[in-house]
Amino acid sequence: MASLVWIRKDLRLHDHPALHYGIQAGEILPVYIHEENHHKWSIGSAQSWFLHYALQSFQKRIEDIGGKLLIKIGDPAKILPKLLKDYSINTILWNRSYEPTNIVMDNSLAEKLHNEGVTVKTFEGTLLLPITKIKKKDGNAFKVFTPFYKAHQKMDIPKPLATIKQMNSPVMMIEDSLAVNDLGLLPAIKWTDGLEKRWSPSELAAIRHFNAFERNRLKHYKNGRDFPSKVYHAEMSPYLALGLISVRSMYHYIVKNAEAAGEPFLRQLVWRDFAYSLMFHFPNTIEKPMNKKFENFKWNEDQEAFIKWRKGLTGYPIVDAGMRELWETGYMHNRVRMIAASFLTKHLLIRWQNGAEWFWDTLVDAGLANNSMGWQWVAGSGADASPYFRIFNPTLQSKKFDPNGDYIRKWVPELRTLSDDAIHAPHEQSSSMLEQAGIILNENYPAPIVEHKAARERALARYNEIK
DNA sequence: CACACCTTTCC
DNA sequence: GAAAGGTGT
């Protein structure tokens, strides 16, 4: 008995429930479909690059164990039923997606196929737990993390499934499959050198990266992860985003090997489940504020400032360093994401949706649930958000989390000649010191586009209008 | 009067 | 999380 396995953001052979189930029954036709009808949140440019190489390595991995990946472009709702007929397959399996547009598509596809007599089975392959089932006693969804976390902890997280070691695929008509290169995932003009230098998009690289984190850096995670010049953070998000590694495998590996030291990291994995839970139960919060008060918030329409933020030319070195790291490598350290996002929404009063769209396009690890929740958290409009009056002072944050200025020197090299202390705020330095360092404000590094104190007061006043 | 340290306010 | 407004030395 053969099964068709619809592959999506689960490009791996370990702990892959749909593949694992199918392999018990016999032959597998694994199918990846690149959807042509792009909508705003389908895939960003940086992640598209990542996906290209992740797909190539996944394809090779399947071939190495005897199988074959079928690649298509188009509408899954049309392609999948046709493939089932063409290959005389009567079972289709996939790991569930929680993106609202996919839920609609998947449900109608499942119903249609079921009515045609096809066996349809779906699995949890993305999260620690199927979050649709985690609810408050009154039946409503959690809006606050801590009670969600407690409910989550009471449940048993399934053990990872064995890695697929062998696969037989039906004999494939060669013209049926496209090559990864045909999908047009790489940019027309090559801007991806920085991404190539930093990332290896493959399942084996993801596992290697994770093992090295657990072995060498996890013990520093709790106290060190907030320092962007260090690598005490896990940096697993790009792999998780496309399912190159299983979150359940990570969870159980850490429980087994690290015991109590692993708790802060495991907690972050539960935050990821929480983000998916929010997206599932409150899908309109992808674009709209969770807190209704913010519907009336008066944001600024300041295209010029938005461009400067994106380019890393705000005049606040820590913000600029983060934005340039993002542009160069498709990634930004989480602490710096918070600082840069706070700066956009509070200092510049630019709507968080604009920031979310930029991150979506530029991050290799972009995920709809995390992205929306993170931005709403910073903006203060989220359910369990940081209060609006919590406005980061970028200079203080910089001194605290990049005390030697190493991160700034790496990404804003024009400031490298400033001292460890002065580098956080060039505009506060004496002209003689700037001269000595060879820095001319607004010539080789911008003066701040907004002054911190005034911007803070303006933001609080703006919030007063809706409170 | 500078400063370290603590508490309250921002809501 | 940061700033302001205390207190004491």
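Cut-offs and rules
- Residues numbered from 1 in each chain as written.
- Chains lettered and ligands numbered in written order.
- Predicted model: local features only at pLDDT ≥ 70, side-chain atom pairs only at ≥ 80, totals over all residues.
- Heavy atoms only, no water.
- Helix = DSSP H or I, 4+ residues; strand = E, 2+ residues; numbered from the N terminus.
- Buried < 20%, exposed > 50% of the residue type's maximum accessible area, 1.4 Å probe, protein only.
- Contact = heavy atoms within 4.5 Å.
- Areas by Shrake-Rupley, 256 points an atom, 1.4 Å probe, with all protein chains shown as cover.
- Near = heavy atom within 4 Å.
- Polar contact = N/O pair within 3.5 Å; in protein donor to acceptor, adjacent residues only side chain to side chain.
- Pairing = 2+ DSSP bridges.
- Axes fitted to C-alpha atoms, helices over the stretch in contact; angles between N-to-C directions.
- Phe/Tyr/Trp six-rings, centres within 6.5 Å; stacked < 30°, edge-to-face > 60°.
- Lys NZ or Arg CZ within 6 Å of the ring centre and 35° of its normal.
- Salt bridge = Lys/Arg side-chain N within 4 Å of Asp/Glu carboxyl O.
- Right-handed = clockwise from strand over helix to strand, strands pointing away.
- Core = buried A, V, L, I, M, F, W, Y, C linked by side-chain atoms within 4.5 Å.

Draft legend 1. Spotlight on the overall build of chain A. Along its length, chain A carries 19 helices and 5 strands. For chain A, buried positions account for 56% of its 467 residues. Of the contacts formed within chain A by residues at least 6 apart in sequence, a portion of 79% connects residues at least 24 apart. Of the accessible surface of chain A, which amounts to about 21100 Å², a share of 51% is contributed by carbon and sulfur atoms.

Draft legend 2. Expanded view of the protein's contact with DNA strand C. F389, R390, I391, F392, N393, L396, Q397, H452, K453 and R456 make up every residue found near DNA strand C. Put simply, 84% of the atoms of DNA strand C that lie within 4 Å of the protein are in sugar or phosphate. In this structure, N393 approaches DNA strand C through a side-chain N or O atom, which is 3.0 Å from a phosphate oxygen. At a separation of 3.1 Å, a phosphate oxygen of DNA strand C approaches a polar side-chain atom of Q397. Contributing elements (two or more residues each) for the surface near DNA strand C: α16 (394–401) and α19 (452–464).

Draft legend 3. Region of interest: helix α3 (residues 76–86). Within the span of α3, buried status applies to P76, I79, L80, P81, L83 and L84. Packed against the buried residues of α3 are β1 (3–7), β2 (28–34), β3 (70–73), β4 (91–95) and α4 (100–115). Phi turns positive one or two residues past the end of α3, at S88, with a value near 50°.

Draft legend 4. Seen up close, the protein's contact with DNA strand B. Taken together, F389, Y463, N464 and K467 make up the full set of residues adjacent to DNA strand B. Of all atoms in DNA strand B that approach within 4 Å of the protein, 50% are sugar or phosphate atoms. One of the side-chain N or O atoms of Y463 is found 3.5 Å from a sugar or linking oxygen in DNA strand B. Within the side chain of N464, a nitrogen or oxygen atom sits 3.2 Å from a phosphate oxygen of DNA strand B.

Draft legend 5. Looking closely at the sheet that holds β2. Pairing is parallel in the open sheet, where 5 strands are placed in the order β3-β2-β1-β4-β5. Each edge of the open sheet is held by one strand with a lone partner, namely β3 and β5 (119–123). With direction set aside, neighbouring strand axes in the sheet form an average angle of 25°. Taken together, the 3 bridges between β1 and β4 define a ladder with parallel strand orientation. Looking across to β4, one finds that W6 is bridged to W94.

Draft legend 6. Representation of the pairing of β5 in the model. By the bridge criterion, 5 bridges tie β4 to β5 in an arrangement that is parallel. In the strand pairing of β5, W94 is matched with T122.

Draft legend 7. Representation of the side chain of Q429. Secondary-structure assignment places Q429 in the loop between α17 (406–411) and α18 (431–437). A polar contact is formed between the side chain of Q429 and the backbone oxygen of A425, at a distance of 2.9 Å.

Draft legend 8. Spatial organisation of the packing of aromatic side chains. Across all of its chains, the model carries 33 aromatic pairs by this definition. Between the aromatic rings of W199 and Y331, the centroid separation amounts to 5.4 Å while the plane-to-plane angle is 55°, which identifies the pairing as tilted. Of the two residues, W199 sits in the loop between α6 (193–198) and α7 (203–224) while Y331 sits in the loop between α12 (317–329) and α13 (334–347), which places them 132 residues apart along the sequence. Ring geometry for F294 against F297: centres 5.8 Å apart, planes inclined by 20°, an arrangement best described as stacked. Summarising the burial analysis for this pair, F294 and F297 share the class buried. An aromatic cluster is present here, built from W49, F50, Y53, W199, Y239 and Y331 joined pairwise through their rings. Above the face of the F306 ring, R310 is positioned so that its terminal group lies 4.6 Å from the ring centre.

Draft legend 9. Region of interest: the environment of L244. In this structure, L244 sits in the loop between α8 (237–241) and α9 (247–258). Along the backbone, L244 and E203 are 41 residues apart, and their C-alpha atoms lie at a distance of 4.7 Å. The residues contacting L244, other than those within four sequence positions of it, are L11, R12, H14, F50, A54, P201, S202, E203, A206 and Y239.

Draft legend 10. Focus on the pattern of salt bridges. Summed over all chains, the structure comprises 24 salt bridges. Residue E99 pairs with K9 through a salt bridge whose shortest N-O separation is 3.0 Å. Of the two residues, E99 is situated in the loop between β4 and α4 and K9 in the loop between β1 and α1 (17–25); the sequence distance between them amounts to 90 residues. Looking at E99, the relative accessible area reads 14%, which means it is buried. For K9, a relative accessible area of 29% gives the class partly exposed. For R409, the salt bridge goes to D420, with nearest N and O atoms at 3.0 Å.

Draft legend 11. Up close: the pairing of β3. Relative to β3, β2 runs parallel, the two sharing 4 bridges. Paired with V31 across the bridge in β3 is L70. Since β2 and β3 lie parallel, the crossover through helix α2 (residues 45–64) that links them has a hand, and here it is right-handed.

Draft legend 12. Focus on the nonpolar core. Of all hydrophobic cores here, the largest spans 127 residues; its most connected members are F265 and W309. The element that contributes the greatest number of residues to this core is helix α10 (residues 263–281), accounting for 9 residues. Non-local contacts of F265, meaning those with residues more than four positions away in its chain, are made with F210, F213, L218, Y221, A234, M250 and I254. Counting residues in each nonpolar core, the second largest holds 21 residues, with A2, I89, L113 and V118 among its members.

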